[in-house]
Structure formats: structure tokens, C-alpha cells
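# Coordinates in review
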Amino acid sequence: MRNNRALVVKLLLVVAAAFAFGFALVPLYDVLCAATGFNGKTSQGKLGVGGISGPAAAPSRIDATRIVTVEFTGTVMPGLPWEMRPLTTSLDLHPGELHQAKFLVHNSSDRAIVGQAVPSVSPGQAAQHFEKLDCFCFSQQTLAPGETKELPLTFIVKPEIDESIRTVTLSYAFFNVDGQK
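In this report, the structure presented in the accompanying data block is examined. Note that the structure is a prediction, hence the values are computed from the model and not measured.

Scanning the model with the defined rule gives eight aromatic pairs in all. Centre to centre, the rings of F103 and Y172 are 5.2 Å apart; their planes meet at 80 degrees, and the pair counts as edge-to-face. Of this pair, F103 sits in strand 5 (residues 98-107) while Y172 sits in strand 10 (residues 167-176); the two residues are 69 residues apart in sequence, bridging distant segments of the chain. With relative accessibility at 0%, the residue F103 sits in the buried group. Taking 4.7 Å as the distance between ring centres and 45 degrees as the angle between the ring planes, the aromatic pair formed by F136 and Y172 counts as tilted.

This is the structure:
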């Protein structure tokens, strides 16, 4: 009887540890992806006065010897009755320059809906050199019935990006987050 109780306690501890580990995986994965650029995760600038601050916002060097093309795409996932498209489809820029792009979103439903954009950069090795200083993806977006919004993105492609990378694609996927708060 005593052995059974000890076994049950040990098994319950294993279940609790597995449950805690499952919750810890998401933040650990996000940290790993942000640090390595794995899975298209990008770095996020620290915002200050005027929305931009620190050395990340004002790079000390612009590489005027080369041009990188940044392409923008957007999709809306099933279950979110929105339309989304980039107003800026591509930009040719020098690494280190500060740029802005805009996306247009429209709620085609008859009710207010909350959505969240998740960014991805390809090729994956470019992600660690794509820094979003101000982005609509930093927070959830609420659109009223029939509402249309322009959503801005301010970013820098760092001059340290590999010289073999000439095109970077930034994709956003919007998800419905109603009922998930």
C-alpha cells in the first residue's frame, strides 16, 4: 500500500513537471528564434520618444554600396473575415536605412473583431538583421464592422546582413484572437 502511494505521488510529480515544461516551451522557443533568426523571427527595437530610440534606431553606418529589395506580403487566416494587403509591395533600400511601409486591413464582417499579426522573414538567415522599430504586430488590432485601417511598419535592414542576400520577404499572417484573451 505504501509503495502504491509513493508511486502515485511520483507519477503526479512527473505529470506536473511535464505540464510545466509544456508551458515553458513557447517562451523558450520565442527566445531561441529571436536570438538566432530561426523560423523567420525578427528582432524588435526598443521604443522611446517619438517611437524610436537608441543605436538600433539610428544606425551608425549605411551601406550605400549595395541594394537589398524588401518584399511585403500579407494573408488572413481562416476564421478572420478581414482583407489585408500591403500598400507598399516592395522597396529597394541600402542596408542601414530607416524605412516605412504600410498595410491596409479591412473588416468585412458586421461585428468588431480583434486580430493579431504574426511576422515571418525569409530567407531565415536574414531575420536576425531585419529590425522592426514600430510595428502593428506588436499589439492586437481591433477593427469595427466595415472599418478599414492603414497599419504602419518602421524598420531597418541592418548593414551586417550577408552580402549574398539581395531579396528579403516580410510576410504577415493575421489571426483572429477573439475569445482567446
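With that settled, consider the sheet that holds strand 4 (residues 90-93). Judged by pairing direction, the sheet is mixed, and its five strands sit side by side in the order 4-2-10-6-8 without closing on themselves. The sheet is open, and its two edges are formed by strand 4 and strand 8 (141-143), each paired on a single side. For this sheet, the mean angle separating the axes of adjacent strands, direction not counted, is 25 degrees.

So, about the nonpolar core. In this structure, F72, F130, F136, F155, V168, Y172 and F174 are the most contacted members of the largest nonpolar core, which totals 31 residues. Looking at this core, the elements that each hand over two or more residues are strand 2 (68-76), strand 3 (82-86), strand 4, strand 5, strand 6 (113-122), strand 7 (130-135), strand 9 (148-157) and strand 10.

Rules and cut-offs
- Residues numbered from 1 in each chain as written.
- Predicted model: local features only at pLDDT ≥ 70, side-chain atom pairs only at ≥ 80, totals over all residues.
- Heavy atoms only, no water.
- Phe/Tyr/Trp six-rings, centres within 6.5 Å; stacked < 30°, edge-to-face > 60°.
- Helix = DSSP H or I, 4+ residues; strand = E, 2+ residues; numbered from the N terminus.
- Buried < 20%, exposed > 50% of the residue type's maximum accessible area, 1.4 Å probe, protein only.
- Pairing = 2+ DSSP bridges.
- Axes fitted to C-alpha atoms, helices over the stretch in contact; angles between N-to-C directions.
- Core = buried A, V, L, I, M, F, W, Y, C linked by side-chain atoms within 4.5 Å.

By themselves, these figures tell us nothing about what the structure is for.
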